[in-house]
Amino acid sequence: MNSLSFDLRLPRRPRQAVGAEPEREHRAATLRPQPAVQPRQWQSQLLQLLRRRLERDGHNDVLINAGPGAGKTLGALLSFERLEREGRLEHLLVFCHRSSIASQWLAAATRLGVELQEWQPGLELTNRAEHPAPHGLLITYQAAGRNLALLEQQLQAAAWGPWLAIADEVHHLGMDPEEPEASAWGHAFSRLSADARLRLGLTGTPFRADNLAFCAARRIQVHDGQDWVEQIAPDLSVEPRELIAAGDVRPLEFRFQDGWVDHGRRGELGDSERSPLSQEQRESWRARNLRRAIRLGDSSSIALRLLLNARRRLEVVRREHSGAGGLVIARDIAHARRICGLLEEEGDRVHLVHSQDPEAAQRMEAFKAGEADWLVSIDMCAEGFDAPRLRVVAYLTTVVTRTRFVQGITRAVRMDAERSALESVPRHPSYVFAPADPLLMQYARTWSLSEPYVLRAKSVEAEPEASTTGRAAALPLQALEDGAGAVIRMRGPQLPNFRVQR
């Protein structure tokens, strides 16, 4: 059976003084015992790519697109560790978008023997014999934006040698050429990383809903029909289907709850239309259908049927994975609380987390440790949330961008060493339950494929069409009632044949 590719039990290595002679540093590194690490193939490719970029003159950006569970954090830190041993790099500065993800970077760095510290305003960056500087610093995008001037001053005073800037989930660093300072995160990263020898961007979803480019990403010209357009070009792309085939992550199976929604104007009889959830192509009607479908109504509602099926599936999964848990992605706090109440009525242990709760991080850690059956979240578990016990996801929100959907459902693909040793390849699947919204089903068909991010020219918005009947424009159609229908099952794109590896 396969096991995870990393053996992270590394001996702690001594710190080398900054400014040591490069050749002497390299010779010393060759005498030190090398870490017992067997990187995955793509991580070895990343190391070779960074070595080649360091041989060039000038500023270099490297963009890595690798799906959840690929090992982006470990791959980036391992690459720095090797390059620092070789005397090619001396320091690193890691940027991430959330403090909960920062803790994962710190834990991974410790396991690899890399001294990474969270940045604080009074932290000493200058390397001294009595107070050695750490290998690197970790800072959130928000803290970088708020303390831009102070950080610039400290980095300049530290006089680092060649150093590496890492941008985790780099697609957050949008840049608008018409308003370069409008995006504070992207602006701060660009300023602070201006003197970095390399800038490494990591992402599992290299696209944005607002059609903006982002930092540390190379753009190329491609021909699109009659026009030339710009496209974000990752330097290394690892598709989820490759990780599935290798047994590094789980496959996903989808259960889309179909149904119908009656639209009409309240107080008016004989003026309604029934809209099928999965077949509706009119955008305004599709959006109204979804808003109605996620509501919690009586026992015949789509949302209740979806939750019931998700609970049953989790019970089945627990027959072979006793510690498995589920995640519900809700629309807002009130919606999430109602979901919690329904699950608790069935005897489930539930943790609710949202950004306004100061104890959200502790509840997420408690869920990881197995203290709850379900985690109900609004905006806390879309990115960077690593809980290998997650096997069922119920998507009950009106957010239908591809980025948010893929980030949400892929929380359930991760493996840990214990489960990896127990399961053969292909791994047992995780399950996604969602309303049969046409956009969500479209994203599900391609979730394991990497699609190019094309930056299209801004188009002038068309004027709204005048209504031929004043009465139709006065009151928009509203969803009056719904009815749950069949479940649409989807396994995603066809994957290559698997062979059990022993």
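If you're wondering where the values come from, they're calculated on a predicted model, not measured in any experiment. (Residues numbered from 1 in each chain as written. Predicted model: local features only at pLDDT ≥ 70, side-chain atom pairs only at ≥ 80, totals over all residues. Heavy atoms only, no water.)

S.K.: Would you explain the nonpolar core in this entry?
M.R.: Note on soluble globular proteins: their nonpolar side chains tend to be buried together. By size, the foremost hydrophobic cluster in this structure holds 100 residues, and its most contacted members are Ile64, Trp105 and Val376. Top element by residues in this core is helix α10 (residues 302-317). It accounts for eight residues. Apart from residues no more than four positions distant in its own chain, valine 376 is found in contact with Val328, Ala330, Ala336, Ile339, Cys340, Leu343, Val350, His351, Leu352 and Val353. Judged by nonpolar contacts, the second largest core, of 32 residues, contains Leu123, Leu137, Ala216 and Ile232. (Core = buried A, V, L, I, M, F, W, Y, C linked by side-chain atoms within 4.5 Å. Buried < 20%, exposed > 50% of the residue type's maximum accessible area, 1.4 Å probe, protein only. Helix = DSSP H or I, 4+ residues; strand = E, 2+ residues; numbered from the N terminus. Contact = heavy atoms within 4.5 Å.)

S.K.: Would you mind going over the pattern of salt bridges with me for this structure?
M.R.: Close approach of charged atoms allows side chains of opposite charge to pair. If you walk through the whole model with that rule in mind, you get 29 salt bridges. The salt bridge involving arginine 82 is made with glutamate 81; its shortest N-O contact spans 4.0 Å. Accessibility assignment for this pair places arginine 82 and glutamate 81 in one class, buried. The closest approach of N and O atoms between arginine 311 and glutamate 315, which form a salt bridge, is 3.9 Å. Of the two residues, arginine 311 and glutamate 315 are both situated in helix α10; the distance of four residues between them amounts to about one turn of the helix. Using a relative accessible area of 13% as the deciding quantity, one classes arginine 311 as buried. The exposure class of glutamate 315 is partly exposed, given its relative accessible area of 46%. Residues joined in a network through salt bridges with shared partners are Arg250, Glu320, Arg391, Arg419 and Glu423. (Salt bridge = Lys/Arg side-chain N within 4 Å of Asp/Glu carboxyl O.)

S.K.: Would you explain the pairing of strand β7 (residues 198-203) in this entry?
M.R.: Within a regular beta strand, the side chains point alternately toward one face of the sheet and then the other, so they alternate between its two faces. Taken across its six residues, β7 has six buried, putting it largely inside the fold. Relative to β7, strand β1 (residues 60-66) is paired through six bridges, and the arrangement is parallel. Note on β7: the bridge partner recorded for isoleucine 64 is leucine 202. When strand β5 (residues 163-168) meets β7, the two strands line up parallel, connected through five bridges. Across the sheet, the residue bridging to leucine 164 is leucine 198, located in β7. (Pairing = 2+ DSSP bridges.)

S.K.: I would appreciate a short explanation of the side chain of arginine 255 in the present structure.
M.R.: Here arginine 255 shows up in strand β12 (residues 252-264). Taking the relative accessible area as the measure of exposure, arginine 255 reaches 9% and is therefore buried. In terms of polar contacts, arginine 255 uses its side chain to reach the side chain of glutamate 253, at 3.2 Å. Setting aside chain neighbours within four positions, we find arginine 255 in contact with Arg313, Tyr431, Val432, Phe433, Ala434, Val487, Ile488 and Arg489. (Polar contact = N/O pair within 3.5 Å; in protein donor to acceptor, adjacent residues only side chain to side chain.)

S.K.: I tried to follow the confidence of the model for the chain on my own but got confused; where do I start?
M.R.: Residues shown with low pLDDT carry predicted positions that ought not to be read at fine detail. For the chain, the mean per-residue pLDDT works out to 81, and 79% of the residues sit at or above 70. Predicted confidence for residues 1-35 stays below pLDDT 50, and this span has 73 contacts to residues more than four positions away or in other chains. In this model, residues 492-502 is a region of pLDDT below 50 whose contacts with residues beyond four sequence positions or in other chains number 19 contacts. (pLDDT = per-residue confidence, 0-100.)

S.K.: Can you walk me through the sheet that holds β1 in this structure?
M.R.: Note on sheets: strands pair through backbone hydrogen bonds, and any given pair is parallel or antiparallel. Spatially, β3-β4-β2-β5-β7-β1-β11 is the arrangement adopted by the seven strands of the open sheet, whose pairing is parallel. Both edges of this open sheet fall to β3 (116-118) and β11 (236-238), since each of them pairs with a single strand only. The mean angle between the axes of side-by-side strands here comes to 20°, regardless of whether they run parallel or antiparallel. In the sheet, β3 pairs with strand β4 (residues 136-140) via three bridges, with the strands oriented parallel. Residue glutamate 118 lies in a different strand from β4, and its bridge partner there is leucine 138. Strand contacts of helix α3 (residues 72-85): β1, β2 (91-96), β5 and β7, with the helix running at about 165° to β7, the strand carrying the most contacts. (Axes fitted to C-alpha atoms, helices over the stretch in contact; angles between N-to-C directions.)

S.K.: I tried to follow the sheet that holds strand β9 (residues 219-224) on my own but got confused; where do I start?
M.R.: Strand order in the open sheet formed by three strands is β9-β10-β19, and the pairing between neighbours is antiparallel. What marks the edges here is a single partner per strand, and that holds for β9 and β19 (453-455). Here the strands of the sheet are splayed against their neighbours by 45° on average, with no regard to which way each runs. The pairing of strand β10 (residues 227-232) with β19 spans three bridges and is antiparallel. Its bridge partner lying in β19, isoleucine 232 is registered against tyrosine 453.

S.K.: It is not clear to me how the packing of aromatic side chains should be interpreted in this structure. Could you clarify?
M.R.: Going through the model one piece at a time under the given rule, you end up with eight aromatic pairs. Measuring from ring centre to ring centre gives 5.8 Å for phenylalanine 254 and phenylalanine 256, while their planes differ by 5°; the resulting arrangement is stacked. The rings of Phe95, Tyr141, Trp185 and Phe189 are connected pair by pair, giving a single aromatic cluster. Sitting above the plane of the tryptophan 260 ring, arginine 274 keeps its charged end 3.8 Å from the centroid. The side chain of arginine 282 reaches across the aromatic face of tryptophan 285, ending 3.8 Å from its centre. (Phe/Tyr/Trp six-rings, centres within 6.5 Å; stacked < 30°, edge-to-face > 60°. Lys NZ or Arg CZ within 6 Å of the ring centre and 35° of its normal.)

S.K.: Help me understand the pairing of strand β16 (residues 374-377) in this model?
M.R.: Neither face of β16 is left uncovered, since the one carrying Trp374 and Val376 and the one carrying Leu375 and Ser377 both have all their residues buried. Summarising the sheet, strand β14 (residues 325-329) and β16 pair through four bridges and their orientation is parallel. Within the sheet, the bridge partner assigned to isoleucine 329 lies in β16 and is serine 377. By the bridge criterion, four bridges tie strand β15 (residues 350-353) to β16 in an arrangement that is parallel.

S.K.: Which parts of the structure should I look at to understand unusual backbone geometry?
M.R.: Generally, phi is negative for residues other than glycine and the peptide bonds are trans, each holding for most cases. Here valine 425 and proline 426 are connected by a cis peptide whose omega angle stands at 5°. Tracing the backbone shows proline 426 in the loop between α14 (417-422) and β18 (430-435). The phi torsion at glutamate 169 lies on the positive side, around 50°, for a residue other than glycine. Secondary-structure assignment places glutamate 169 in the loop between β5 and β6 (174-175). Phi at asparagine 211 is positive, roughly 65°, even though this residue is not glycine. Take asparagine 211: its relative accessible area is 27%, and that puts it in the partly exposed class.

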